[in-house]
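Chains, contacts and geometry: an overview
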Amino acid sequence: MGCCHSNSGGDSGANRIARWRSTGIVALRDSKLRALPSEVLVVDSFVRTLDLTNNKINEVTPEISRLVNMQRLVLADNLIESLPTTIGVLRSLKVLILDGNRVTDLPDELGSLYRLERLSITGNSLTCLPKNIGDLRNLLLLNVSNNKLKSLPESIGGCVSLEELQANGNFIEELPPSVCNLLHLKFLSLNNNTIRQLPQNLLKDCKALQNVSLHDNPISMDQFQQMEGFEEFEARRKKKFDKQIDSNVMMNSAGLDEGLDLR
């Protein structure tokens, strides 16, 4: 049993549980785990952060719902194909990282995570996002790069707090008009898709937008510049870039992001 074995540092299972209860942090990355250890569930409501990065976990136990006060769940670089519907019980969750797994879809219950601020699920096999993703009204960052998405749901316009949207390396042909509702959006990155045009009012309505990256898409610079609101966007972009220069006078200019990239 876990409490009968000690690791090379003499850290017994009982000591680990005591430490987890004290700190709220369960760090088990690079531990060759194939499942969530049962001793983590013993700590239940004390867990604030659970980091299981770079293991061999292929299934997330439904009992993860016992970690009701968890705020950060990091499951990057495992073999996970899906999430249990009980994920929706974790309503204290603010950060969910699933990069580098085998996830093909996300449960609708994800929409219940109304405190979620950061959702990153890059390098998976997603073919669609939940239709109710717009229920995540406190979401600040959404990164779904390097999946198999052909579109984003219309409901994404409900993510009214969203500041950064990354969907590079998919098969997206167009964005839903509702992205124009993302009034706090500052950074939009859609490199390596099949986008031929953007919603006509994107630059006009998204008045916080400062950075758009569209490498390796059919859309042309001329099309982008003809969009209504381009002049205002360009002014914001230049203002941001000038601030970067002012605050990074010692930095090589190659390290700065000009904020507009279509090629």
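Bear in mind the structure is a predicted one, so any value in this text is a computation, not a measurement. All residue numbers refer to positions counted from 1 along the written sequence of the respective chain. Per-residue local features of the predicted model are confined to residues with pLDDT of at least 70, and side-chain atom pairs are confined, for both listing and counting, to 80 or more; whole-chain, interface and lining totals are unaffected and use all residues. Note that water and hydrogens are dropped before the side-chain values are worked out from all heavy atoms of the structure.

1. Topic: the environment of A208
- Only runs of H or I of at least four residues qualify as helices and only runs of E of at least two qualify as strands under DSSP, and these elements are numbered from the N terminus. For A208, the location among the structural elements is in the loop between α3 (202–205) and β9 (211–213).
- Put simply, A208 and R237 are 29 residues apart on the chain and 9.9 Å apart in space, counted from C-alpha to C-alpha.
- Here a residue-residue contact requires only that any non-hydrogen atoms of the pair lie within 4.5 Å. Discounting chain neighbours no more than four positions away, the residues touching A208 are L183, H184, L185, K186 and R236.

2. Some details on the packing of aromatic side chains
- Note on aromatic pairs: the rings of Phe, Tyr and Trp (six-membered ring only in Trp) are paired at centre separations within 6.5 Å, and the planes decide the class, stacked below 30 degrees, edge-to-face beyond 60, tilted for the rest. Per the counting criterion, the structure on display carries three aromatic pairs.
- With 5.7 Å between their ring centres and 80° between their planes, F224 and F233 make a pair best called edge-to-face. This pair shows no difference in class: F224 is buried, exactly as F233 is.
- An angle of 45° between the planes, with centres 6.4 Å apart, marks the rings of F230 and F233 as tilted. Highlighted residues: F230 and F233, both in helix α5 (residues 230–247), separated by three residues, approximately one helical turn. For the pair shown, F230 and F233 are each scored as buried.
- Grouping aromatic residues by their ring pairs yields a cluster made of F224, F230 and F233. Only protein chains enter the accessibility calculation, which uses a 1.4 Å probe; a residue whose area is less than 20% of its type maximum is buried, one above 50% is exposed, and one in between is partly exposed.

3. Comments concerning unusual backbone geometry
- Phi is positive for D30, close to 55°, though the residue is something other than glycine.
- Along the polypeptide, D30 turns up in the loop between β1 (25–27) and α2 (38–43).
- A positive phi is found at K32, a non-glycine position, where the angle reads about 60°.
- Secondary-structure assignment places K32 in the loop between β1 and α2.

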